[in-house]
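# Remarks on the overall topology
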Amino acid sequence: MRLVAWQPDDLLRRLDDVVTVYGEAMGYRKELLQTRRGYIGSHVRRPGFRAVATLTAEGRLAGFGYGYTSAAGQWWHDQVRSALDEPSRGYWLTSCFEVVELHVRPVAQGHGVGARQLRALLAMADGKRVLLSTPEADELQSRAWRLYRRFGFTDVLRNFMFPGDERAFAILGRELPLAERPAEGAPGMVGG
């Protein structure tokens, strides 16, 4: 598998594949995926947009991740902001990179793909801190939770309910930059 940096147009060209991987990884119903397609397509023009993808030898999308600078007026930012106290808002939401999506096809999970994607994405991120949301789960059983904890993410909010989703989410954060260290077993990242 090959890890690549994606420009906005790279992600847009593969939007059908991106939405498919998203749906497989999150287990969302098909009717929700069309809505997500529109959101994802609009995110590529946000300030600080960074994206990575993992491609198989055949060019199939095995996983992807992207984020951008979190700012007032963005839906996720404003939802999280409303739940934080003033000191936490100032700390977490100032100079913040938001990991919006980080997904790996279930058949490719457990092979370090997510870790390589997260490490590459955070290495490209602008900001002093990074935030993300993930569905609440057993931290010992969930691959996503184990990954985020391994990367030093700590609790910012727990059992947070986003409008339109029946699941509770955790908001996790950490300071940037990551400590310098190469991704485990990963060849260098190449352009898209």
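Residues numbered from 1 in each chain as written. Predicted model: local features only at pLDDT ≥ 70, side-chain atom pairs only at ≥ 80, totals over all residues. Heavy atoms only, no water.

## Quick notes on the pattern of salt bridges
Enumeration over the complete set of coordinates arrives at 14 salt bridges. The partner of arginine 45 in a salt bridge is aspartate 9, with the nearest N and O atoms 3.3 Å apart. Within this pair, whereas arginine 45 is found in the loop between helix H3 (30-43) and strand E2 (50-55), its partner aspartate 9 is found in helix H1 (residues 8-13), the two being separated by 36 residues in sequence. What makes arginine 45 exposed here is its relative accessible area of 56%. For aspartate 9, a relative accessible area of 42% corresponds to the partly exposed category. With a closest N to O distance of 3.0 Å, glutamate 86 and arginine 89 form a salt bridge. One end of the pair, glutamate 86, and the other, arginine 89, are both in helix H5 (residues 86-92), 3 residues apart, so they sit about a helical turn from each other. Put simply, Glu136, Glu139, Arg149, Asp155 and Arg158 are held in one network by salt bridges that share partners. (Salt bridge = Lys/Arg side-chain N within 4 Å of Asp/Glu carboxyl O. Helix = DSSP H or I, 4+ residues; strand = E, 2+ residues; numbered from the N terminus. Buried < 20%, exposed > 50% of the residue type's maximum accessible area, 1.4 Å probe, protein only.)

## Regarding the nonpolar core
Counting residues in each nonpolar core, the largest one holds 35 residues, and the members touching the most others are Trp6, Leu11, Leu61, Tyr66, Leu131 and Ile171. With 6 residues, the single largest contributor to this core is helix H2 (residues 15-26). Those residues in contact with leucine 11 that lie beyond four places of it in its chain are Trp6, Val18, Ile40, Val44, Phe49, Ala51 and Tyr66. Ranked by size, the runner-up nonpolar core spans 22 residues in total, among them Leu3, Phe97, Trp145 and Leu147. (Core = buried A, V, L, I, M, F, W, Y, C linked by side-chain atoms within 4.5 Å. Contact = heavy atoms within 4.5 Å.)

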